[in-house]
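Each chain, letter by letter, is given below.
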Amino acid sequence: MSKQDDHHRGSGIVRPGKVKEVTSLTNPIVKDLRSLALKKFRDQQGVFLAEGLKLVIDALDLGWTIKTLVYSKAGKGNSLVEQVAARTVAKGGDVLEVNEKIISAITRRDNPQMVVGVFQQNLQMLSNIRPQANDVFVALDRVRDPGNLGTIIRTADAAGAKGIILIGDTTDPFSLETVRATMGSVFAVPLIRATEAEFLSWRKSFTGLIVGTHLKGSVDYRTIPYANKPVVLLMGNEQQGLPDQLSSACDRLARIPQAGRADSLNLAIATGVMLFEIRRDALKLDATT
Ligand code: SAM
């Protein structure tokens with residue numbers, strides 16, 4: 001380590017990142033970035049990819065830590081891209097100028113965005129969550145489908161939910177597909193990871209209302225009084241629904257009445273229907289709450 005690095009360590013001064021131009025797909029930095037399409041490497045490095053200039057700006061504004069900013073030559077001279085590059089370097093992140101082929105390879109897309117950010121993952125612990133009256137959290141049991149999870153994160157953001165509790169073995173919230181489907185809400189809604197046992201134990205000290213949704217639920221979801229208390233909305237797995245251990249931990253088991261031939265609603269749709277009913281009184285056209 002150089003004297004300069006020594007000087008910066010522990011001094012509170014952020015060492016500015018580096019700016020590089022990379023043109024080859026076989027460059028080791030590019031190989032490293034391409035590996036982030038796989039969960040194993042995202043977890044090893046504790047990072048994930050977010051595509052698009054607006055998303056990257058929103059994430060920086062919300063205080064997320066950027067490790068690397070990648071932009072294609074098409075972004076050169078664009079003042080917003082240059083501002084984001086300057087913010088990245090000032091925060092100690094690196095900036096890579098690449099060609100469109102490289103961005104395509106990193107994001108596995110034919111028509112890639114001009115800008116991609118590599119951000120540090122952020123998952124919170126259930127033990128730190130203390131819901132207040134009128135707070136709504138969504139708890140998802142072993143959600144499998146990345147598109148469903150992304151859509152739920154986006155919908156939870158739009159409904160003003162305070163966080164999403166991911167119970168058990170779920171699809172990765174930081175996969176390319178999930179992050180894409182969140183349309184940026186992945187940066188706005190806290191994500192909390194818990195095992196089923198951790199959730200059940202946390203539940204014992206939770207004094208609010210836990211509303212599970214179940215195809216055998218006996219309560220019409222529109223008849224439950226949700227106001228003036230914290231609410232956890234618990235949603236079942238796409239294939240199996242809620243297992244007995246979780247459904248018996250609920251205060252109410254709600255059902256959304258259906259017509260037609262469909263057995264059930266898609267998980268993300270059912271979550272949306274429930275969330276907007278729970279938040280009915282809180283959401284107004286002329287105010288953001
Ligand atoms: N085969 C599964 C089952 O038997 O529960 C279907 C699961 S459904 C696709 C996924 C989740 O969406 C359910 O576990 C439940 O949380 C919610 N859901 C879907 N339709 C619902 C309805 N009509 N009423 C209440 N919850 C519903």
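Please read these numbers as outputs of a predicted model, since none were measured by experiment. (Residues numbered from 1 in each chain as written. Predicted model: local features only at pLDDT ≥ 70, side-chain atom pairs only at ≥ 80, totals over all residues. Heavy atoms only, no water.)

*Asks:* Describe in detail the overall build of the protein, supporting the description with residues and values.
*Replies:* Check the secondary structure of the protein and you find 11 helices and 13 strands. Projecting the C-alpha coordinates of the protein onto the three principal axes gives extents of approximately 65 × 45 × 40 Å. Put simply, the protein shows about 14,800 Å² of open surface, and 50% of that area lies on carbon and sulfur atoms. (Helix = DSSP H or I, 4+ residues; strand = E, 2+ residues; numbered from the N terminus. Areas by Shrake-Rupley, 256 points an atom, 1.4 Å probe, with all protein chains shown as cover.)

*Asks:* Just give me the short version of the UniProt feature "domain: RNA 2-O ribose methyltransferase substrate binding" (unreviewed entry) in the protein, but keep the residues and values in it.
*Replies:* Look at the UniProt record and you will see "domain: RNA 2-O ribose methyltransferase substrate binding" (unreviewed entry) annotated at residues 49–125. Counted over residues 49–125, helix gives 38% and strand 30%. Its end C-alpha atoms are 22 Å apart. (UniProt positions renumbered as here; feature names shortened; annotations may be inferred.)

*Asks:* For the sheet that holds strand 9 (residues 191–194), give the residues involved together with the corresponding values.
*Replies:* On the basis of which strands lie adjacent, the open sheet formed by eight strands has the order 6-9-8-7-12-10-13-11 and parallel pairing. If you trace the sheet from one side to the other, it starts and ends with strand 6 (124–125) and strand 11 (219–220), each paired once. Pairing between strand 8 (residues 163–167) and strand 9: four bridges, direction parallel. By the bridge assignment for strand 9, Ile 167 is matched with Ala 194. (Pairing = 2+ DSSP bridges.)

*Asks:* An account of unusual backbone geometry is needed here, citing residue identities and associated values.
*Replies:* Excluding glycine, residues mostly have negative phi values, and the peptide bonds linking residues are mostly trans. The backbone of Asn 134 shows a phi angle near 75°, a positive value even though the residue is not glycine. On the secondary structure map, Asn 134 appears in the loop between strand 6 and strand 7 (136–141). Of the residues examined, Asn 134 reaches a relative accessible area of 39% and is grouped as partly exposed. Notably, Arg 142 is not glycine yet its phi reads approximately 45°, a positive angle. The residue Arg 142 is located in the loop between strand 7 and helix 7 (146–159) in this model. (Buried < 20%, exposed > 50% of the residue type's maximum accessible area, 1.4 Å probe, protein only.)

*Asks:* Hey, could you go over the layout of surface pockets for me, with residue numbers and the actual values?
*Replies:* If a probe as big as a water molecule is rolled over the atoms, it shows which places are left empty. Each pocket or cavity is described by its volume, and for the largest pocket that value is around 450 Å³. Looking at the largest pocket, it is lined by 22 residues, and the ones nearest its centre are Thr 213, Leu 215, Gly 241, Ser 264 and Leu 265. When residues of the lining of the largest pocket are traced back to their parent elements, those giving at least two are strand 13 (252–255) and helix 11 (267–278). When grouped by side-chain class, the residues that make up the lining of the largest pocket number eight nonpolar, 11 polar and three charged. For the second largest pocket, the calculated volume is near 230 Å³. Together, 13 residues line the second largest pocket, and Tyr 226, Ala 227, Ile 278, Arg 279 and Asp 281 are the ones closest to its centre. (1 Å grid on protein atoms, 1.4 Å probe; cavity = no way out; pocket = protein on both sides within 12 Å on 5 of 7 lines; lining within 4 Å. Points joined across faces, edges and corners; volume = space filled by probe spheres on them. Nonpolar A, V, L, I, M, F, W, Y, C, P; charged D, E, K, R; others polar.)

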